[in-house]
Amino acid sequence: MAFDMSLNTNVSTYWGQNSYGATHTSDTANWQQPISYYCADNTIDTFPIAFLDEFYSTGGLPSINLANTCNDVDDAVFPGTDLPNCGFLASDIQACQAAGKIVTISLGGATGGAGFTSDAQGAAYAQIIWNLFLGGSSTTRPFGAAVLDGVDMDIEGGSQTGYSSFLTALRALMDGGSKPYYITAAPQCPYPDAYIGTTLNEVGFDAVYVQFYNNYCGLTDYSNSNAWDFNQWDTWAKTVSPNPNVKVYIGAPASSSAAGSGYVSASTFATIIEQTQSQYSSFGGVMLWDASQAYANGRYDLAVKAALTGNLGGTTTTLTPTTTPTTTPTTTPTTTMTTTTATVGTGSCLAVAPWQSNIAYVGGDQVTYNGDLWTAKWWSEDDVPGGSAGDWTNDEACTSSAATAQPAGATAPAA
């Protein structure tokens, strides 16, 4: 069965970083296996290969790091480059594709050297990616004869300069190709994303794998209407994205060791999936980080697929959200709340929550603190606005008298 992006039952699972092995160094039996190992059934539909972590390495070509499977230290590199020759994976990739799955290359990652200095550089880079991984030709193709199905942008830092030009030029090459190609991204859940948000508004992506973890808006805060924000991403998909058919996925850790926060049990996640799937037409499925974690965690991916397709074979945990689902992005709090009121001043604090020490913020996030509105310059946790770390910009005192509510007794996830 061929891959169908229009469905709302797809599972996308990252492969390449051996996340389980990184957190369970002695349990080698459950370390990452070759990619074809995870294609033996119909559970996973998309495999972003993680990561192309350096855009420009030795010789002006990128480098990729696939942890215990292929990297520039343990494997041979193409002469004059730091690009490892992972051609032994070609048949595995082709086997997954023959099984009706798509395989893409993910650019960036949390520690990657991603970015461009200009739009012109970004546009030129499209040809490099096309030749190395997609429908072009080169003597330095890391996966040999295997032709990947697109690119994923997992950009977690730096400037957005050149990204729109890169993807626009790449899309033009894809449109002239001999098969369908896809462009996806993995923004963090705070909307808009600080590192790819502008690009998402300028380029027609096929899907976004929103990371609902390691942030205040993670899955563990699904029942908090002031935190869980899938509705904002749904509104973006329908009213802002250049592609009105873009699909929004719930990105989730596949086990408790896969992320700092945001993991929920399979039964809890099943209820979240069912409610979100039924409420939002932009919903496309679930993204998991990552394959090794899912398999080691009792095949968490199987439970996710069952929830997506309605083949649960039993009952799921019933959640009582603090919001009443509606057909509009508006939510209505129904639980007991504690309320604080912002101070009147010169900055708008309407619906801006107070700063909390146990929440991880990213650049662009806004909070109130001591009666002022503050904006995060970059990733920050436990660094008080106005403190010596310099993580926050003071936007002056608040003008709007805004009530910010939290469920009584709620705690925010730590990164």
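Parameters at a glance
Residues numbered from 1 in each chain as written. Predicted model: local features only at pLDDT ≥ 70, side-chain atom pairs only at ≥ 80, totals over all residues. Heavy atoms only, no water. Helix = DSSP H or I, 4+ residues; strand = E, 2+ residues; numbered from the N terminus. Contact = heavy atoms within 4.5 Å. Pairing = 2+ DSSP bridges. Axes fitted to C-alpha atoms, helices over the stretch in contact; angles between N-to-C directions. Core = buried A, V, L, I, M, F, W, Y, C linked by side-chain atoms within 4.5 Å. Buried < 20%, exposed > 50% of the residue type's maximum accessible area, 1.4 Å probe, protein only. Parallel < 35°, antiparallel > 145°, perpendicular 65-115°, else oblique. Left-handed = near helix turned anticlockwise from the far one by under 90°. Nonpolar A, V, L, I, M, F, W, Y, C, P; charged D, E, K, R; others polar. Salt bridge = Lys/Arg side-chain N within 4 Å of Asp/Glu carboxyl O. Expected span 1.5 Å × (residues − 1). Disulfide = S-S within 2.5 Å.

### Some points on the side chain of T104
Reasoning step 1: Mapped onto the fold, T104 is located in strand β4 (residues 102–109).
Reasoning step 2: Not counting the four nearest positions on each side in its chain, T104 is found in contact with F47, P48, I49, L148, D149, G150, V151 and D152.

### Regarding the sheet that holds strand β12 (residues 372–376)
Reasoning step 1: Spatial ordering of the open sheet is given by β11-β12-β13, a layout of 3 strands whose pairing is antiparallel. The two strands at the open ends of the sheet, each matched to only one other strand, are β11 (366–369) and β13 (392–397). Averaged over all neighbouring strand pairs, the angle between strand axes comes to 30°, with direction disregarded.
Reasoning step 2: Sheet topology note: the β12/β13 ladder contains 4 bridges and is antiparallel. In the strand pairing of β13, T375 is matched with T393.

### Section: the environment of A294
Reasoning step 1: Inspection of the secondary structure puts A294 in helix α8 (residues 291–296).
Reasoning step 2: Setting aside chain neighbours within four positions, we find A294 in contact with A254, R299, Y300 and D301.

### A short note on the nonpolar core
The tendency in soluble globular proteins is for nonpolar side chains to be buried side by side.
Reasoning step 1: Counting 84 residues, the largest nonpolar core has F133, L134, F143, V151, M153, F166 and F269 as its most contacted members.
Reasoning step 2: Apart from residues lying up to four places away in sequence, F269 is in contact with L219, I250, A252, V264, V286, L288, Y300 and V304.
Reasoning step 3: Membership of the second largest hydrophobic core comes to 16 residues, among which are A186, Y209, A258 and W289.

### So, the packing of helix α7 (residues 266–279) against helix α9 (residues 300–309)
Reasoning step 1: The N-to-C vectors of α7 and α9 enclose an angle of 30°; their axes lie 9 Å apart at closest approach. What the angle tells us is that α7 and α9 run roughly parallel. Crossing angle aside, the handedness with which α7 passes α9 is right-handed. Touching A266, F269, A270, I273, E274 and Q277 of α7 are Y300, A303, V304, A307 and L308, all from α9.
Reasoning step 2: Looking at the contact of α7 with α9 residue by residue, the class counts come to 9 nonpolar, 1 polar and 1 charged.

### Some thoughts on the pattern of salt bridges
Reasoning step 1: On inspection of all chains with the given rule, the structure shows 6 salt bridges.
Reasoning step 2: Across the pair D41 and R299 runs a salt bridge whose closest N-O atoms are separated by 3.0 Å. Here D41, found in the loop between α1 (19–23) and β2 (46–54), pairs with R299, found in the loop between α8 and α9; they are 258 residues apart in sequence, far enough to count as distant.
Reasoning step 3: According to the relative accessible area criterion, D41 is partly exposed, its value standing at 25%.
Reasoning step 4: Exposure remark for R299: the relative accessible area of 18% places this residue in the buried category.
Reasoning step 5: Residue K305 pairs with D45 through a salt bridge whose shortest N-O separation is 2.7 Å. Of this pair, K305 sits in helix α9 while D45 is found in the loop between α1 and β2, placing the two residues 260 residues apart along the sequence.

### Thoughts on helix α6 (residues 230–239)
Reasoning step 1: Those residues of α6 that sit buried are F230, N231, W233, D234, W236 and A237.
Reasoning step 2: Tucked inside the fold, the buried residues of α6 contact α5 (197–202), β7 (207–211), β8 (247–253), α7 and β9 (283–289).

### Notes on helix α3 (residues 119–133)
Because an α-helix packs 3.6 residues into every turn, residues spaced three or four apart end up facing the same way.
Reasoning step 1: Relative to the 21 Å expected for 15 residues at 1.5 Å per residue, α3 spans 21 Å between its end C-alpha atoms, a close match to the ideal helical length.
Reasoning step 2: The complete set of buried residues in α3 reads G122, Y125, A126, I129, W130, L132 and F133.

### Here's the deal with the state of the cysteines
Reasoning step 1: Here the structure, examined in full by the defined rule, presents 3 disulfides.
Reasoning step 2: Each disulfide pairs two cysteine sulfurs, and for C39 the partner residue is C96, the sulfurs being separated by 1.9 Å. A torsion of 95° about the S-S bond marks the disulfide between C39 and C96 as right-handed. Note that C39 is positioned in the loop between α1 and β2 and C96 in helix α2 (residues 90–98), a separation of 57 residues in sequence.
Reasoning step 3: Judged by its relative accessible area of 0%, C96 falls in the buried class.
Reasoning step 4: Each sulfur in the disulfide pair C70 and C86 lies 2.0 Å from the other. Here the S-S torsion is close to -90°, and the disulfide linking C70 with C86 is therefore left-handed. With C70 in the loop between β3 (63–64) and α2 and C86 in the loop between β3 and α2, the pair connects residues that are 16 residues apart, well separated along the chain.
Reasoning step 5: Overall, C86 belongs to the buried group, its relative accessible area being 0%.

### Topic: the environment of F47
Reasoning step 1: Residue placement: F47 occurs in strand β2.
Reasoning step 2: Sequence-distant contacts of F47, that is, excluding residues within four places in its chain, are made with T13, W15, I35, Y38, C39, K101, I102, V103 and T104.

### Let's talk about the packing of α3 against helix α4 (residues 163–175)
Reasoning step 1: Close contact between α3 and α4 brings their axes to 7 Å; oriented N to C, the two are set at 35°. In the crossing of α3 with α4, the sense of the turn from one axis to the other is right-handed. On α4, the residues that touch D119, G122, A123, Y125, A126, Q127, I129 and W130 of α3 are S165, F166, A169, L170, L173 and M174.
Reasoning step 2: Residues that form the contact of α3 with α4 fall into these classes: 10 nonpolar, 3 polar and 1 charged.

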